[in-house]
Amino acid sequence: MPVKKDYYEILGVSKNASDDEIKAAYKKLVKEWHPDRHTGDKKKIAEQKFKDIQEAYEVLSDPQKRAMYDKFGYVGEGIPYNYEYTTSSGGGFGFEDIFKDFFNDDIFNIFFGNQRTQSSQRVSGKRVPKRGEDINIEVTLNEADVFTGKDVTVEYDRYEECAHCHGEGVEPGSKWVTCSKCHGTGVVREERRTPFGVFINQYTCDVCGGRGSVPGEVCHECRGAGRIRKRVSTVVNIPAGVENGSVIRVPRKGNAGINGGEYGDLYVHVNIRKTSEYKREGDDIIIDVPVDYVTAILGGSVTVNLPSGEFVEVEIPSGTQPNEKIIVKGKGFPNLRSGKRGNLVANIVVKIPKRVSHKEKELLKEIAKERGVRI
Ligand SMILES: [Zn+2]
Ligand SMILES: [Zn+2]
């Protein structure tokens, strides 16, 4: 089975490109990739590209085929198109091309000089529902929001089911008509005469996908795609306790599905704007707390400002050592699930003054004498 191709990507146009844009892209690319303009290894690449471009253009320039392609993701059941191009050395299809295309499919489907048909792959004609794509967006929170949680209104673009046709892609009231390519049989038969014999290639109709009928009129609103791109806004509940890089899934807020497929999900990536110094370990918040050497010796208390905006009085016992950790329960981050807060871990940084007053110096000399410290 040939790989499904993204025709929009091949032509380098957006899914909403106008007919003129498609035509312009086609003209430009065809010039660029014409096999006559390339030599050596590059020629092979150009030939393939040239074919792809032709194939993409044939589908996207034909409103019916384009609608089918947008709707089903392919035109027909992955049938390789065979395009002819004229080269300076002759024209039409080379054998190589025929072999390449045929061998890719199935070697047993090739017959030389023998009027036999290639087995065709019929599709049921059922439309395969395809789930809509997920969408990823980012939101940025302030530090304080982590403690309370926040309902954030986000705006983004997504595909929604076309309200006019209810996602069917068919203009309401329009009848299904017999497919003009396969005349209702769902199968296309092609004969190709070569010196090796007659190649007969029979395949599922690429216009109707094997159903034999096509919508008489595609939906005017969505051009048959069944969905329409829209700017939407939704409120995302960011729970308290989220971490930088947390991802919140909002079910069914992604893109609409195709052929009745489900909506995809919205994934909200959370960034936290950090404006103060702290570390987070689980639900604990770790903050360096400067303490005067006198307080460390005598004991006392210091005020710690949390990123939540709270002020916490931390008791410093006498004889507190540098880098000692003092734990204040229940002042950490809220747990994402339980909401119960972790702890504040105050990492004590004892501040020793670089300069002291004359009086302090005298007093310290007294202390030194008292402690028997040599100075
Ligand atoms: Zn529609
Ligand atoms: Zn058909």
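Residues numbered from 1 in each chain as written. Chains lettered and ligands numbered in written order. Predicted model: local features only at pLDDT ≥ 70, side-chain atom pairs only at ≥ 80, totals over all residues. Heavy atoms only, no water.

- The chain is annotated in an unreviewed UniProt entry as Chaperone protein DnaJ of Fervidobacterium nodosum.
- The Sequence similarities (unreviewed entry) field of the UniProt record for the chain holds the comment "Belongs to the DnaJ family."
- The UniProt entry for the chain carries the following comment under Subunit (unreviewed entry): "Homodimer." (UniProt positions renumbered as here; feature names shortened; annotations may be inferred.)

### Points about the packing of helix α2 (residues 19–32) against helix α3 (residues 41–60)
Argument step 1. As a packed pair, α2 and α3 sit with axes 10 Å apart at the nearest point and diverge in direction by 165 degrees. In terms of orientation, α2 lies roughly antiparallel with respect to α3. Of the two elements, α2 crosses α3, and the hand of that crossing is left-handed. Facing Ile 22, Lys 23, Tyr 26, Leu 29 and Val 30 of α2, the residues of α3 in contact are Phe 50, Ile 53, Gln 54, Tyr 57 and Leu 60. (Axes fitted to C-alpha atoms, helices over the stretch in contact; angles between N-to-C directions. Helix = DSSP H or I, 4+ residues; strand = E, 2+ residues; numbered from the N terminus. Parallel < 35°, antiparallel > 145°, perpendicular 65-115°, else oblique. Left-handed = near helix turned anticlockwise from the far one by under 90°. Contact = heavy atoms within 4.5 Å.)

### Details of the packing of aromatic side chains
Argument step 1. Applying the stated criterion across every chain, the model contains three aromatic pairs.
Argument step 2. Both rings, one in Tyr 26 and one in Tyr 57, keep their centres 3.8 Å apart while their planes meet at 10 degrees; by these two values the pair is stacked. Of this pair, Tyr 26 sits in helix α2 while Tyr 57 is found in helix α3, placing the two residues 31 residues apart along the sequence.
Argument step 3. Judged by its relative accessible area of 17%, Tyr 26 falls in the buried class.
Argument step 4. Between the aromatic rings of Tyr 278 and Phe 333, the centroid separation amounts to 5.9 Å while the plane-to-plane angle is 55 degrees, which identifies the pairing as tilted. Within this pair, whereas Tyr 278 is found in the loop between β9 (266–273) and β10 (279–281), its partner Phe 333 is found in the loop between β14 (325–328) and β15 (344–351), the two being separated by 55 residues in sequence.
Argument step 5. On the basis of relative accessible area, Phe 333 is assigned to the buried category, the value being 2%.
Argument step 6. Within the aromatic cluster, the residues linked to one another by ring pairs are Phe 147, Tyr 278 and Phe 333.
Argument step 7. Directly above the ring of Trp 33 sits Lys 49, whose terminal nitrogen or CZ lies 4.8 Å from the centroid.
Argument step 8. The aromatic ring of Tyr 159 is capped on one face by Arg 229, whose charged end is 5.1 Å from the ring centroid. (Phe/Tyr/Trp six-rings, centres within 6.5 Å; stacked < 30°, edge-to-face > 60°. Buried < 20%, exposed > 50% of the residue type's maximum accessible area, 1.4 Å probe, protein only. Lys NZ or Arg CZ within 6 Å of the ring centre and 35° of its normal.)

### Some words on a nonpolar patch on the surface
Argument step 1. Judged by side-chain polarity, Val 294, Ile 297 and Leu 298 come together as a nonpolar surface patch covering roughly 290 Å² of accessible area.
Argument step 2. Secondary-structure assignment places Val 294 in helix α7 (residues 293–298). (Patch = residues over 30% accessible without salt bridge, like charges linked within 9 Å, V, L, I, M, F, W, Y side chains within 5 Å. Areas by Shrake-Rupley, 256 points an atom, 1.4 Å probe, with all protein chains shown as cover. Salt bridge = Lys/Arg side-chain N within 4 Å of Asp/Glu carboxyl O.)

### What about α2?
Argument step 1. End to end, α2 covers 20 Å across 14 residues, agreeing with the expected 20 Å (1.5 Å per residue, within 8%).
Argument step 2. Among the residues making up α2, those that are buried are Ile 22, Ala 25, Tyr 26, Leu 29 and Val 30. All buried residues of α2 lie within an arc of 125 degrees about the axis, which places them on one face of the element. In α2, those exposed residues whose orientation departs by more than 90 degrees from the buried face are Asp 20, Lys 27, Lys 28 and Lys 31. (Expected span 1.5 Å × (residues − 1). Arc of directions from axis to C-beta.)

### Side note on the coordination of the zinc ion (ligand 1)
Argument step 1. Looking at the metal site, the zinc ion (ligand 1) is ligated by Cys 162 (SG), Cys 165 (SG), Cys 219 (SG) and Cys 222 (SG), spaced 2.2 to 2.3 Å from it.
Argument step 2. Coordination at the zinc ion (ligand 1) is tetrahedral: its four donor atoms span angles of 103 to 115 degrees at the metal.
Argument step 3. Counting along the primary sequence, the residues that act as donors to the zinc ion (ligand 1) give the motif C-x2-C-x53-C-x2-C. For the pair Cys 162 and Cys 165, a shared accessibility class is recorded, and that class is buried. (Donors = N, O, S within 2.8 Å, 3.2 Å for Na, K, Ca; no water. Tetrahedral: all angles 85-135°; square planar, octahedral: opposite > 155°, others 65-115°.)

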